[in-house]
Amino acid sequence: MKILVTGADGQLGSAIRDLADQFKHIQFILTDINELDLTDSEAVTAFVNHERPDYIINCAAYTAVDIAEKESDLAKLINTRIPATLARLSKMTNARLVHVSTDYVFDGTTYVPYVEEDLVNPESVYGRSKLNGEIAVLKEAPSSLIIRTSWLYSAYGKNFVKTMIKLGEERDELKVVCDQVGTPTYAGDLALAILTIIDRTSKEECAWKPGIYHYSNEGVCSWYDFAKAIHELSGVTCQVRPISTDEYPSVAVRPPYSVLNKSKIKRIFGIQIPYWRDSLRQCILELKK
């Protein structure tokens, strides 16, 4: 089996790279911009036609939520047009596409965990570009799998966990918003879930059922709770104070509540999902190494 991974140097792509040895029967084609410039549609077409992967996992994304308000064209290119191209190519070559999306497609005005069929209403350029990417993928290749996730972090790249540790070691006090609620997602867990789905469906242990799915770690917390747990588990003694979103204005609007209901992905693919604090502990142990 051959799997093409785009955005392989990012958080999720790096996590897939780490798991490759556990799936020795799979040939991974790990690409980032140095190996494959996704903005060059002709090059991407030639690459996919040459490699003929069985699956494509699209980990490439524009995730700078605030900067996207000014760089809307770039966000649309990476989050909408590139996924559409990959979907079209997957259909042409009979490959299956797994595309990763976001909880920011919701406006966060409810307080019940979102199911896949709930009304979407993104309120940021980033969220709209990701939603349009979902729409484009399913239009071009209805057999695709879209996995929405939230608050992604890992031992790689820039993320909330590494920022909180760094700032906590530099400062005596931090202020973190307490009225935005969701669930952190450890990239290693999401990577394992994706590869498990591909592995089980390829072996016909369960059916490949296309459409939209939700995946995050189990449990619920605010960014303030998340920061407190990060410091507790990493041994940082900085004082963390809760503040409201109004006290920490940002350029882009973020959903105040974006907890995802994971019942569908667990039921259909038999996925087991770890509790967020347990996965956070594992990530911090990796960072300490």
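Residues numbered from 1 in each chain as written. Predicted model: local features only at pLDDT ≥ 70, side-chain atom pairs only at ≥ 80, totals over all residues. Heavy atoms only, no water.

- With an unreviewed UniProt entry as reference, the protein is termed dTDP-4-dehydrorhamnose reductase, source organism Sunxiuqinia elliptica.
- In its Sequence similarities (unreviewed entry) section, the UniProt entry covering the protein states "Belongs to the dTDP-4-dehydrorhamnose reductase family." (UniProt positions renumbered as here; feature names shortened; annotations may be inferred.)

A word on the packing of aromatic side chains
Then, in step 1: Here the structure, examined in full by the defined rule, presents 14 aromatic pairs.
Then, in step 2: Considering the side-chain rings of Tyr 55 and Trp 208, the 5.8 Å spacing of their centres and the 55 degrees angle between planes classify their relative orientation as tilted. In this pair, Tyr 55 is assigned in strand β3 (residues 55-58) and Trp 208 in the loop between α6 (187-202) and β10 (211-214), connecting sequence segments 153 residues apart.
Then, in step 3: The class of Trp 208 is buried, set by a relative accessible area of 12%. (Phe/Tyr/Trp six-rings, centres within 6.5 Å; stacked < 30°, edge-to-face > 60°. Helix = DSSP H or I, 4+ residues; strand = E, 2+ residues; numbered from the N terminus. Buried < 20%, exposed > 50% of the residue type's maximum accessible area, 1.4 Å probe, protein only.)

Some details on helix α2 (residues 41-51)
Then, in step 1: Residues Val 44, Phe 47, Val 48 and Glu 51 constitute the buried set of α2. Across the axial projection of α2, the buried residues extend over an arc of 95 degrees, all falling on one side. The outward face of α2, more than 90 degrees from its buried face, is lined by the exposed residues Glu 42 and His 50.
Then, in step 2: Along its buried surface, α2 packs onto β1 (2-6), β2 (27-30) and α3 (72-92).
Then, in step 3: Positive phi appears at Arg 52, one or two residues downstream of α2, with a value of about 50 degrees. (Arc of directions from axis to C-beta. Contact = heavy atoms within 4.5 Å.)

Concerning the environment of Glu 170
Then, in step 1: Topologically, Glu 170 is positioned in helix α5 (residues 160-170).
Then, in step 2: A sequence separation of 66 residues divides Glu 170 from Val 236, and the C-alpha atoms of the two residues are 10.0 Å apart.
Then, in step 3: A distance of 2.8 Å separates a polar atom in the side chain of Glu 170 from a polar atom in the side chain of Lys 166. (Polar contact = N/O pair within 3.5 Å; in protein donor to acceptor, adjacent residues only side chain to side chain.)

A word on the nonpolar core
Then, in step 1: Core analysis: the largest hydrophobic core is formed by 35 residues, its most contacted members being Ile 3, Ile 16, Phe 28, Ile 57, Ile 194, Ile 265 and Phe 269.
Then, in step 2: Listed by contribution, the elements that provide at least two residues to this core are β1, α1 (11-19), β3, β4 (96-102), β5 (145-149), α6 and α8 (263-269).
Then, in step 3: Those residues in contact with Phe 269 that sit more than four places away from it in its chain are Leu 145, Ile 197, Arg 200, Thr 201, Cys 206, Ala 207, Lys 209 and Tyr 213.
Then, in step 4: Leu 77, Ile 78, Tyr 104 and Ile 146 belong to the second-largest nonpolar core, a separate cluster that totals 28 residues. (Core = buried A, V, L, I, M, F, W, Y, C linked by side-chain atoms within 4.5 Å.)

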